[in-house]
Amino acid sequence: MKKSYLKYLNCATIVCLLSLLLGNTQSITQSQWTQQMSDEFQQRSRDAIAKLSGSHYGNTAFENEKKSYPKAMIDFLAGNSEKAIAFLQAEDADAARNAHTLGIDFYSGFTLKG
């Protein structure tokens with residue numbers, strides 16, 4: 001199976017797909033997916049996690065968060081939980097500028113959406 005499709009997927013797409021995978025609330029009898037479809041989706045998810053994990057996250061300075069947080073979450077899903085949690089719980093790079101909101105940068109609201 002070719003893995004070239006992975007280069008077209010961005011972190012946000014992967015996170016959305018994984019949330020669908022991990023948050024499935026349908027019972028097996030209600031699902032319209034065949035077992036083959038489910039197995040193929042699981043394999044694509046594993047391929048994407050393997051491909052995207054282990055990379056440098058970046059930083060939390062202003063708009064860099066929109067790239068770094070999804071990378072950290074993918075790394076968490078790949079099993080690198082200590083590194084990912086440490087990054088996600090670290091103080092924001094611009095915390096001093098956002099002291100009035102306890103160091104949380106709400107200006108870049110799209111980050112929270114992601």
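Definitions and cut-offs
- Residues numbered from 1 in each chain as written.
- Predicted model: local features only at pLDDT ≥ 70, side-chain atom pairs only at ≥ 80, totals over all residues.
- Heavy atoms only, no water.
- Helix = DSSP H or I, 4+ residues; strand = E, 2+ residues; numbered from the N terminus.
- Buried < 20%, exposed > 50% of the residue type's maximum accessible area, 1.4 Å probe, protein only.
- Contact = heavy atoms within 4.5 Å.
- Areas by Shrake-Rupley, 256 points an atom, 1.4 Å probe, with all protein chains shown as cover.
- Polar contact = N/O pair within 3.5 Å; in protein donor to acceptor, adjacent residues only side chain to side chain.
- Expected span 1.5 Å × (residues − 1).

K.L.:
Tell me about the overall build of the protein chain, and name the residues and values.
P.N.:
Across its full length, the protein chain holds five helices and zero strands. Taken from the N to the C terminus, the helices and strands of the protein chain come in the order α-α-α-α-α. Put simply, the protein chain has 114 residues, and 24% of those count as buried. A separation threshold of at least 6 residues defines the contact pool for the protein chain, and within that pool the share at least 24 residues apart is 60%. Summed over all atoms, the accessible surface of the protein chain reaches about 8,200 Å², with 57% contributed by carbon and sulfur.

K.L.:
Give me the side chain of Thr-60: which residues, what numbers.
P.N.:
By the element assignment, Thr-60 lies in the loop between α2 (35–52) and α3 (65–77). At 2.8 Å, the side chain of Thr-60 and the backbone nitrogen of Ala-93 are in polar contact. Excluding anything up to four places from it in sequence, Thr-60 contacts Glu-65, Tyr-69, Phe-87, Glu-91, Asp-92, Ala-93 and Asp-94.

K.L.:
So what's going on with α2? Which residues, and what values?
P.N.:
Helix length check: α2 (18 residues) gives 26 Å between terminal C-alpha atoms against 26 Å at 1.5 Å per residue, within 8%. Listing the buried residues of α2 in full gives Phe-41, Ser-45, Asp-47, Ala-48 and Ile-49. Backbone geometry just after α2 places Gly-54 at a positive phi near 80 degrees.

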